[in-house]
Amino acid sequence: MSTPLAERIRPQKLTDYVSQTHLVGPQGSLTLQMQNGLISSMIFWGPPGTGKTTLANIIARESGRPFYELSAINAGVKDVREVIDKARQSGGLFSGKNPILFIDEIHRFSKSQQDSLLAAVEKGWVTLIGATTENPSFEVIPALLSRCQVYVLNAFTRADLEALLHRAIEIDTQFQKKKIQLKETEALIRLSGGDGRKLLNIFELVVSAFSGSEIEITNEKVLELVQQNTVLYDKTGEQHYDIVSAFIKSIRGSDPNAAVYWLARMIEGGEDLKFIARRMLILASEDIGNANPTALIMANNTFQAVSTIGYPESRIILSQCAVYLASSAKSNASYMAIGQAQALVKQTGDLPVPIHLRNAPTKLMKELGYGEEYQYAHDFTNNFIDQEYLPEAVRNTKLYEPGNNARENELRAFLKNRWKDKYGY
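Position numbers for residues count from 1 along each chain, tracking the sequence in the order it is written. A pLDDT threshold of at least 70 governs which residues receive local features in this predicted model, and a stricter bar of 80 or more applies before side-chain atom pairs are shown or counted, although totals over entire chains, interfaces and linings include all residues. Hydrogens and water molecules were not included; the side-chain quantities draw on all heavy atoms of the structure.

A. Fine view of the pairing of strand β4 (residues 127-132). Burial status follows relative accessibility: with a 1.4 Å probe on protein chains alone, a residue under 20% of its type maximum counts as buried, one over 50% as exposed, and anything between as partly exposed. Elements are defined by DSSP. Helices are runs of H or I of four residues or more, strands are runs of E of two residues or more, and each kind is numbered from the N terminus. Summarising burial for β4: six of the six residues are buried, a large majority. The side-chain alternation of β4 yields two buried faces, one formed by T127, I129 and A131 and the other by L128, G130 and T132. Here strand β1 (residues 42-45) runs beside β4; their pairing, made up of four bridges, is parallel. Bridging from a neighbouring strand, W45 pairs with T132 of β4. By the bridge criterion, five bridges tie strand β3 (residues 100-104) to β4 in an arrangement that is parallel. Paired strands, as defined in this entry, are two strands with at least two bridges between them according to DSSP.

So, in structure tokens, the structure goes:
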């Protein structure tokens, strides 16, 4: 069986690595680490096909360290411990070069599996390099995260992807036997979805479809050859973002039927269920907010339930939440309020806190009048007293405009009763 093109031209040293100049360029953080010979445990976070595995292999090769690799998809705690034991026995004690343990898709490891790595990383038995497409803040336990440096790998740019194509033509021994002309690259790049590995796989598929040695790559030819192989949903490519966008916009537009349809498309395509739940959690605050505060509770409970239960039962919970959110009253008032508030802060800078609102923990601060004229709201009728809470330079500025829905109309009436005409409610 022929080795795939992506594997045949995999870079063997940092200077051959395409993209990620912030990490591997002349002044890149990983380049400087390699030069200093001090390689700490790290996690590579980035989209699929951006070279996380390749980078781990290069680090091990150029630093002269033993390299062990596990995939979180099929490895358990027993496998982790066996590899750690093997790594401890392989050396590093006398050379000062700890073996590297590379774990692909580390976000798929359970808490107990991640816990099993802690001692080895803490005591320096191995240098851990984890690779993940998911946010480590959510998917990696804090104890392990605190022991690792997180490096973000960016999606390949168009220039990066074109460089990969030209590199394949120039250095691959099989391609060197052919006369390949890259007349057009738009279709190749679009179908790859920014995934370098997928780009090379498609490129090889197209090249192999030509019978002769004279090969001219055009958009039309690429689409003709690859169209029948295009999947309905690619959770790492362009359709991933399009379908998630359609899902969110359907909920925002109060269409539960469309929301459930796009949800089904994501589920059938193998999308990470926690990713879907996280997006609904954001929407519950951004697009529903105080029009229905229960929506945020519902979405948060959904995220927790999906994290606990998993597939296939969690699809029911996701559907229930999507239908509830789509059928709920909508308001982006809180979302707009924080946006306006941040814009105001950037415009006006660090305005001083009014002296009556300042804390006065010391005698000097009390003597300076800190907090002296503050009026405690609970000492007054209806637990309210009209006093200024904003800096003088921006007093009377209204940042929150309640939405036009039943619940926020009640909030508007409440605020108008309290503040009369101060904020124009």
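B. Main features of the pattern of salt bridges. Here, a salt bridge means any side-chain nitrogen of Lys or Arg that lies within 4 Å of a carboxyl oxygen of Asp or Glu. Enumeration over the complete set of coordinates arrives at 20 salt bridges. A salt bridge links E122 to R147; the shortest N-O distance between them is 2.6 Å. One end of the pair, E122, is in helix α6 (residues 111-122); the other, R147, is in the loop between α8 (142-145) and β5 (149-152), and 25 residues separate them in sequence. A salt bridge links R395 to E388; the nearest nitrogen and oxygen atoms lie 3.5 Å apart. With relative accessibility at 12%, the residue E388 sits in the buried group. One connected set of salt bridges, linked through shared partners, spans E134, E139, K274 and R278.

C. Highlighting the nonpolar core. What is meant by a nonpolar core is a set of buried Ala, Val, Leu, Ile, Met, Phe, Trp, Tyr and Cys residues, joined one to another through side-chain atoms within 4.5 Å. Counting residues in each nonpolar core, the largest one holds 29 residues, and the members touching the most others are I180, L188, F203, V206, I217 and V222. Where this core is concerned, the elements lending two or more residues are α1 (5-8), α9 (158-171), β6 (179-182), α11 (186-192), α12 (196-208), β7 (214-217) and α13 (219-226). When residues of this core are assigned to their parent elements, the largest contribution, six residues, is made by α12. Any pair of residues with heavy atoms lying within 4.5 Å of one another is described as a contacting pair. Each residue touching L188, except ones within four places of it in the same chain, is listed here: L165, L182, L199, I202, F203, I217 and V222. Ranked by size, the runner-up nonpolar core spans 27 residues in total, among them V244, I276, V306 and A326.

D. Just helix α15 (residues 256-268), in detail. With 13 residues, α15 extends 18 Å from end C-alpha to end C-alpha; this agrees with the ideal 18 Å at 1.5 Å per step. Buried within α15 we find A259, L263, M266 and I267. Buried residues along α15 cover an arc of 95° about the axis, so they all sit on one side. Every exposed residue of α15 that faces more than 90 degrees away from the buried side is listed here: N257 and E268. Throughout this description, a polar contact denotes any pair of N or O atoms lying within 3.5 Å of each other; where both atoms belong to protein, one of them has to be capable of donating a hydrogen while the other can accept it, and for residues adjacent in sequence the pair is counted only when both atoms sit in side chains. The opening residue of α15 is D255, an N-cap whose side-chain oxygen sits 3.1 Å from the backbone nitrogen of N257. Once α15 finishes, G270 follows within two positions and takes phi at roughly 85°, a positive value. The span expected for a helix works out to 1.5 Å for each residue beyond the first. Arc definition: it is the arc formed by the directions from the helix axis to the C-beta atoms.

E. Structural context of the packing of α15 against helix α18 (residues 314-326). Think of each axis as a best-fit line through the C-alpha atoms, taken over the contacting stretch in the case of a helix, with angles from 0 to 180 degrees between the N-to-C directions. Between α15 and α18, the shortest axis-to-axis distance is 9 Å and the interhelical angle comes to 150°. With respect to each other, α15 and α18 are oriented roughly antiparallel. Like other packed secondary-structure pairs, α15 and α18 cross with a definite hand, here right-handed. Residues P256, A259, V260, L263 and I267 of α15 lie in contact with α18, whose contacting residues are R315, L318, S319, A322, V323 and A326. Charged residues are taken to be Asp, Glu, Lys and Arg, nonpolar residues to be Ala, Val, Leu, Ile, Met, Phe, Trp, Tyr, Cys and Pro, and polar residues to be all remaining types, Gly included. The residue makeup of the contact of α15 with α18, split by class, is nine nonpolar, one polar and one charged. Here the word oblique covers every angle except those under 35 degrees (roughly parallel), over 145 (roughly antiparallel) and from 65 to 115 (roughly perpendicular). Each crossing gets its hand from how the near helix is turned against the far one by less than a right angle, where anticlockwise is left-handed and clockwise is right-handed.

F. Expanded view of the sheet that holds β4. Taken together, the five strands give an open sheet; going across it, the order is β2-β3-β4-β1-β5, and neighbouring strands pair in parallel fashion. The open sheet terminates on both sides in strands that have one partner only, identified here as β2 (67-71) and β5. Taking the axes of each pair of neighbouring strands and ignoring which way they run, one obtains an average angle of 20° across the sheet. As paired elements, β1 and β5 share four bridges and run parallel to each other. Considered in β5, the bridge of I43 is made with V150.

G. Geometry of the packing of aromatic side chains. Stacked, edge-to-face and tilted are the three classes for Phe, Tyr and Trp ring pairs, Trp counted by its six-membered ring, which pair at centre distances within 6.5 Å; planes under 30 degrees apart are stacked, over 60 edge-to-face, the rest tilted. Counted according to the given criterion, the structure contains eight aromatic pairs. A ring pair is formed by F384 and W419, whose centres lie 5.0 Å apart and whose planes are at 85°; its orientation type is edge-to-face. One end of the pair, F384, is in the loop between α20 (363-367) and α21 (406-419); the other, W419, is in helix α21, with 35 residues separating them in the sequence. Members of the aromatic cluster, connected to one another through ring pairs, are F384, Y389, W419, Y423 and Y425. For K221, the ring lying beneath its charged end belongs to F210, and the centroid distance is 5.5 Å. When the ring centre of Y370 is taken as reference, the NZ or CZ atom of R358 above it lies at 5.1 Å. In this analysis the charged atom, NZ for Lys or CZ for Arg, is taken to sit over a ring once it is within 6 Å of the ring centre and within 35 degrees of the ring normal.

H. Geometry of the packing of helix α16 (residues 273-288) against helix α17 (residues 294-309). One way to put it is that α16 packs onto α17 with a least axis distance of 8 Å and a crossing angle of 170°. Taken together, the axes of α16 and α17 are roughly antiparallel relative to one another. Across the interface between the two elements, L273, K274, A277, R278, M280, L281, A284, S285 and I288 from α16 touch A295, L296, A299, N300, T302, F303, V306 and S307 from α17.

I. Representation of the environment of E367 in the model. Looking at the element boundaries, E367 is found in helix α20. Between the alpha carbons of E367 and K179 there is a distance of 85 Å; along the sequence they are 188 residues apart.

J. Representation of the side chain of T54 in the model. Relative to the elements of secondary structure, T54 occurs in helix α4 (residues 52-63). T54 has contacts with R10, P11 and Y17, leaving out every residue within four places of it along the chain.

K. Structural detail: unusual backbone geometry. Unusually for a residue other than glycine, N382 sits at a positive phi of about 60°. You can see N382 is positioned in the loop between α20 and α21. Residue classification places N382 among the exposed positions, given a relative accessible area of 53%.

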